[in-house]
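# Understanding the architecture of this molecule
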Amino acid sequence: MDFHVYECICQLCLSMQIVWGLDKVMLLNPPGDTVPDHPLKVLYSCDGPSTVQLDCVVSFETGTVSTFLLRKWSCVPSDPKTRTVRLNLPDWLVFQADGIVPDSDWVLSCILRASVRYDGLNDAKMIISAQDAAALHPKPLFSRPVKPHQLCFAWSRQMLQLTQWSFKRRCPFEQETVYLLSTIYASTGENFGITKTLEPYRNKLLEFLRLKAITFPWCRISIWLFVTRHCQERLCGVFHHIDSHNNYVTPSLFLKHSGQLHIQISGEAEESSAFISTFLVPLSEWCQFSLTLQGKTVTVSMECLNKKQRVSTEYVLRHAAMFDDTEGYFVIGGGKYIQGVEGYFGPVTYHRNKASPHSKPEVVPDVIKNVNLTGWLQTCQEFVFEMTDKIRGFSLEAKRGRESEAYFDVFHEWTVKERPSSHMQCEQWEETPTRRKLAVKLAKLLVFKYGGRAVSPTAVGRALYSLSLQKLSRAKSSAAVSKILPLLLQAGCLADNRALHMSSVLYSSGLGVQKQPIKAWLFALVAAQNDDRLALLHLGHLHHQGVDGFPTDHNLAYAYYANIAKQTVADRQNPTSQQTFVEAVYLTDDETLKLQTKEDHHIFQWLKLQANRGAAEAEQAIARMLFWGQQGLSPNIQEAVKHYRRGAVQLEDPVSMYDYGIVLLQGHGVEKDIQKGVTFLKKAMEQGFAPAFNALAWYYEQYEQNYEQAVQLWEKADLLESPDAALNLGVIYSQGLYPGRPANQYVAYNYYWKSANRGHIRGGVLLADIWTTGIPGFVERRPSDAVLWVKWVAEHNGYLGSILRKALDSYLKGDIFSSLLFYMMVAESGYAPAQFNAAYLCEQNTGSFLDPAYATQCEWRYYNLTIHSQNPETYAFIRMGDLLYDGKRKDLFSAAQMYKLAALRNNPQGWYNLGLLAEEGYKLPLSILTELGLSELYLADRNALLSLLYKKCRDSENTDSYLPCSLALFNVFLQSFDKEYVDAIKLFTAVAVVAAPTMFVIVLGVFRRRIFSSSTNS
């Protein structure tokens, strides 16, 4: 009890001492910034034994505060003293991080604090009796000095540390404003859209604020949209957010069939709210939509370019909104679970940080102004109205019998002889601008051909396109293109997407017209929005490779490629005569060109002879060529079925029995007969033909719903590496139809992977579909790989194959201009063999049908595109190297790089050209020698390098290269021998010159001795 009284008295005395200010401390010269080794002067005094302590208090951007002890010393009662201490702040606060000095979080403030402290009683905290503080200004990370280290480190460790930190120490780029779409996307209104994901902030403060804002979102999303038709379903996707459980979450924006916007916001505990905009979305007009979240308040606004009036709808939620932008993925347009809006999406911007709904609208993006989509569509609309009016007038005229002239086949009459215009007096409705007279005449011919019945503008468009093709087929040079292009544009206005795509190709390639990439893009957008296959492929290629300066965006490219890829799967299930099997035929491959045939060609006749003699392989080949249109034949499904039946019934060939069973099951070219088809499939299975197992399993699943039997057969076929079996097992697992097992998307994914790698196109589509979104916890998102798979599938489309067939047939007939035009149509869609063939035709320029300057540009463009494909033809590397070597500005290094790439693919010309460069005095860089697997010692011995390069050329598998490479090697040997022979002569001469005086003295001495000896004897 007495001790407690004593403790209270001590505490009272200490408090009185603090109150009366008997202790004192002051920082006399604190630095303004965080500097190293500052001599700090501290004035201090104390009334009793205590401690003077110097601290550094640092607050970080993450909200944490830390105190660091710098110095402390004892203080005894005396007069005030001044002490100078070396201020040693932590290295991470003063210097740049360099691998030895550690990195730190971003510092918001730094306070230098000095204090006089007394020990507390009973291990209590020290009591501060006096203190002084000074604020230090922390320098930015990249403005700090580098610490001169006094320690010596091993060179390897120092280099490793410095290398790691040199990569890390860069200004972090944080996407606070995210451009989800920076260009224009043509949406067909199907289940295709652009998938995007966001990553957490790397900056800890921004990430801290983002996480804090999940339950109180404050952000804005801006979408530019051009709607061509209101939603045909209950809802169509504009912009929606899918979480890891495949649920719609904040924010989801849809277009209703009424033209209003439907907005859906999710909250905690599976709460969700939805409301409808008070305004309608107009058609055929660019509008900017903004969706702003401010806690419980949601604001949706719209401002259109033509009206310049902003309308908005505000809604207050009953619950708190939840928005985690790193959860799941966003979709622009259509997705897996909903169809998209029909029209065009412009730039989509997401402001992750605070944004006001009343902020000024964004300026019209340049991409929208430059493409001028509205102007083109308005011009086309006027033209359609004009043609409709003309057609109506012609129909009335025909019905009144004013036209007495008999009209024959419109295309025959038009192409053989273009009749001069009649001199009859025209009515007002018949007046036509000169540039449109051909279209009007053609419409009149069509109306009278069909007896005055109304003809649709679309039919006129198709006729204009056919007329344009016939005119182009008669063209002998590119000069005719500029005269025919207006017809193509008019056909495109009248809804012929083929004409739009061809116009896009001409403007993109510059064939016969001035190259205009923006116009080419416009026409491709319009055709793709109408679901044209080649236009979709063209746009996918543009954004996959970033051709002609267009932005590279794998997610956008995927949206286009996925569309045509799924059409390719459907087209394979429904073969038509308009489709042809895609064959990669290179015009430099003479052997493959010789195999191209027709039904009256000797190769096909020989196959028929072999088939009649009982050769099952010949019967299979004929049936396959006829069914798919391979090796130059046109598709003839009915004739192909006859050969399938003959091989199955007469030859009992398992392949033919399988093929015949399939066409019987599906009714292709023959009346559907399920039981008969199953009979042939069972016979093929009994002979161990793997695809028959799969087909029978499909029958058990589709017709008998016997999943146990189906799965058993599929697993047997999968063991035989059947691509169809792996695909079907994946579908079974995905849909939860495997007997006794739950749905398992990851197992399904593994089967899709097997199917795709075995060459199944639908397996490739399903694999890419998973890679574009991922499977949370199992499969990461891989958009760049997903693009490659759907591109591979899209390039198997039969309509693409029909254009390739036209190109090859034209080439074999000697119609080089038409061949080039068709190859360009496919080349601009990114198909590498077509790019190569277009470049080759421009290189050959047979008959000089192209301007030499354009031929060189064409060659450069398409060979360059070829070498950037997945599996480029090695000849393209050779030609690119030659172009770089022969160009106005010789680029020997780039030329050597091209030859090196050809050599690595075992092309002898690559080795040979590298040798020529070395012979001309160009010193091959060490990097090229290293990649070729050659020692750096060859840099010092030119002849040894040449010998090795020409030996590799000579020893390649190409027998044609043996003679030229051997001659080049022999030349090197001769040069080496000549050099050694000359050196030997020079050495002998030098020795002779040096030794001559000595020899002369010796000979003279001998001669004198002989004379002396002779005189003595005499």
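Residues numbered from 1 in each chain as written. Predicted model: local features only at pLDDT ≥ 70, side-chain atom pairs only at ≥ 80, totals over all residues. Heavy atoms only, no water.

## Digging into the overall build of the chain
So the rule is basically this: Secondary structure elements follow DSSP: runs of H or I of four or more residues count as helices, runs of E of two or more count as strands, with numbering from the N terminus. The classification of residues rests on relative accessible area computed with a 1.4 Å probe and restricted to protein chains. Under 20% of the type maximum is buried, over 50% is exposed, and intermediate values are partly exposed.
Helix and strand content of the chain: 36 helices and 20 strands. Buried positions account for 50% of the 1018 residues belonging to the chain.

## Topic: the layout of surface pockets
Spelled out, the test is: Only protein atoms enter the 1 Å grid, on which a cavity is a set of points fitting a 1.4 Å probe that cannot get out and a pocket is an open set with protein on both sides within 12 Å along at least 5 of 7 lines, lining residues being those with an atom within 4 Å of a point. Grid points are joined across faces, edges and corners, and a volume is the space filled by probe spheres set on the points. Three residue categories are used. Nonpolar comprises Ala, Val, Leu, Ile, Met, Phe, Trp, Tyr, Cys and Pro, charged comprises Asp, Glu, Lys and Arg, and polar comprises the others, including Gly.
Of the voids in this model, the largest pocket is the one considered here, and its volume is about 1500 Å³. What lines the largest pocket is a set of 39 residues, among which Gln573, Tyr658, Ile662, Asp724 and His760 lie closest to the centre. Only α14 (554-573), α17 (616-628), α19 (654-666), α21 (690-703), α23 (723-734) and α25 (761-773) provide two or more residues apiece to the lining of the largest pocket. A per-element tally of the lining of the largest pocket places α19 first, with seven residues. Split by residue class, the lining of the largest pocket holds 20 nonpolar, 13 polar and six charged.

## What to know about the sheet that holds strand β4 (residues 65-75)
Quick reminder of the rule: Strands are labelled as partners when DSSP assigns at least two bridges between them. Axis lines are fitted through C-alpha atoms, for helices just across the contact stretch, and the angle between N-to-C directions can take any value from 0 to 180 degrees.
Across the sheet, four strands lie side by side as β4-β3-β6-β7; this open sheet has antiparallel pairing. Every other strand in the sheet has two partners, leaving β4 and β7 (127-136) as the edge strands with one partner each. Adjacent strand axes in the sheet meet at a mean angle of 20 degrees when their direction is disregarded. One ladder, built from ten bridges, connects strand β3 (residues 50-60) with β4; its direction is antiparallel. Directly across from glutamine 53, in β4, lies its bridge partner lysine 72.

## With respect to the sheet that holds strand β5 (residues 81-87)
Taking strand neighbours across the sheet as the criterion, the three strands line up as β1-β2-β5 in an open arrangement whose pairing is antiparallel. Because the sheet does not close on itself, it has two edges, and the strands there are β1 (24-27) and β5. Across the sheet, the mean angle separating the axes of adjacent strands is 25 degrees when strand polarity is ignored. Here strand β2 (residues 38-45) pairs with β5 via seven bridges, running antiparallel. Residue pairing for β5: lysine 41 is matched across the bridge by threonine 84.

## Observations concerning the environment of threonine 313
Applicable threshold: Any two residues whose heavy atoms approach within 4.5 Å are treated as being in contact. Polar contact is defined as a pair of N or O atoms within 3.5 Å, subject to the rule that within protein one atom must be able to donate a hydrogen and the other to accept it, and that residues adjacent in sequence are counted only when both atoms are side-chain atoms.
Checked against the element boundaries, threonine 313 lands in strand β18 (residues 310-316). Spatially, the C-alpha atoms of threonine 313 and isoleucine 276 are 8.4 Å apart, while their sequence positions differ by 37 residues. In contact with threonine 313, other than residues within four places in its own chain, are Phe275, Ile276, Ser277, Thr278, Phe279, Val298, Thr299 and Val300. Within the structure, threonine 313 has its side chain in polar contact with the side chain of threonine 278 (distance 2.8 Å).

## Remarks on the side chain of serine 222
Locating serine 222 in the fold gives a position in strand β11 (residues 218-229). Serine 222 sits in the buried class, given a relative accessible area of 0%. The residues contacting serine 222, other than those within four sequence positions of it, are Gln288, Phe289, Ser290, Pro347, Val348, Thr349 and Glu362.

## Re the side chain of serine 115
Along the chain, the position of serine 115 falls in strand β6 (residues 107-118). On the basis of relative accessibility, which here comes to 0%, the residue serine 115 falls in the buried class. Polar contacts involving the side chain of serine 115 include one to the side chain of arginine 117, which spans 2.8 Å. Those residues in contact with serine 115 that lie beyond four places of it in its chain are Val25, Thr51, Val52, Gln53, Ile128, Ala130 and Gln131.

## A closer look at unusual backbone geometry
Of note, the amide linkage connecting threonine 250 to proline 251 takes the cis form, showing an omega dihedral of -15 degrees. With respect to the helices and strands, the residue proline 251 is situated in strand β13 (residues 248-256). For serine 284, which is not a glycine, the phi torsion comes out positive at approximately 55 degrees. Within the secondary structure layout, serine 284 lies in the loop between β15 (272-280) and β16 (286-294).

## Structural notes on the state of the cysteines
Here is the rule we go by: Criterion for a disulfide: a pair of cysteine sulfur atoms within 2.5 Å.
The full count for this structure, using the stated rule, is six disulfides. There is a disulfide in this structure between cysteine 46 and cysteine 75, and the S-S distance comes to 2.1 Å. On the sign convention where negative is left-handed, the bridge of cysteine 46 and cysteine 75, at about -105 degrees about the S-S bond, is left-handed. Placement of cysteine 46 in the loop between β2 and β3 and of cysteine 75 in strand β4 is noted, with a sequence separation of 29 residues between them. The disulfide partner of cysteine 842 is cysteine 858, and the S-S distance across this bridge is 1.9 Å.

## Digging into the packing of α14 against helix α26 (residues 783-794)
Stated formally: Geometric relationships in this document are graded by angle, where less than 35 degrees denotes roughly parallel, more than 145 denotes roughly antiparallel, 65 to 115 denotes roughly perpendicular, and other angles denote oblique. Left-handed describes a crossing whose near helix is turned anticlockwise from the far helix by less than a right angle; the clockwise case is right-handed.
Where α14 contacts α26, the axes come no closer than 8 Å and their chain directions differ by 30 degrees. Taken together, the axes of α14 and α26 are roughly parallel relative to one another. For the pair α14 and α26, the sense of crossing is left-handed. Residues His554, Asn555, Ala557, Tyr558, Tyr561, Ala562, Ile564, Ala565 and Thr568 of α14 form the contact with α26, whose participating residues are Pro783, Ser784, Ala786, Val787, Val790, Lys791, Val793 and Ala794. In terms of residue class, the contact of α14 with α26 is built from twelve nonpolar, four polar and one charged.

## Thoughts on the pattern of salt bridges
The line we're drawing: By definition, a salt bridge exists where a carboxyl oxygen of Asp or Glu is found within 4 Å of a side-chain nitrogen of Lys or Arg.
Counted under the stated rule, the structure contains 29 salt bridges. We note a salt bridge from aspartate 785 to arginine 782, for which the minimum N-O separation is 2.9 Å. With a relative accessible area of 24%, aspartate 785 lands in the partly exposed category. Residue class for arginine 782 comes out partly exposed when judged on its relative accessible area of 35%. The shortest N-O distance in the salt bridge between aspartate 955 and arginine 954 comes to 2.9 Å. Look at aspartate 955 and you get exposed, because its relative accessible area is 53%.

## Quick word on helix α33 (residues 908-919)
Because each turn of an α-helix spans 3.6 residues, side chains separated by three or four positions end up pointing in the same direction. For clarity, the threshold we go by: For a helix, the expected span equals 1.5 Å multiplied by the number of residues minus one.
Between the first and last C-alpha of α33 there are 17 Å, a value that for twelve residues agrees with the 16 Å anticipated at 1.5 Å per step. Taken residue by residue, α33 has Pro908, Gly910, Trp911, Asn913, Leu914, Gly915, Leu917 and Ala918 as its buried positions. Along its buried surface, α33 packs onto α31 (874-886), α32 (892-904) and α35 (942-954). At the N-terminal end of α33, a side-chain oxygen is found 2.8 Å from the backbone nitrogen of glutamine 909, two or three residues along, and the residue is asparagine 907. Following α33 by one or two positions, glycine 921 has its phi on the positive side, about 100 degrees.

## Side note on the environment of leucine 89
Position of leucine 89 among the secondary structure elements: in the loop between β5 and α2 (91-94). Dropping the residues within four chain positions of it, leucine 89 is found in contact with Thr34, Val35, Cys56, Leu70, Val94 and Leu136.

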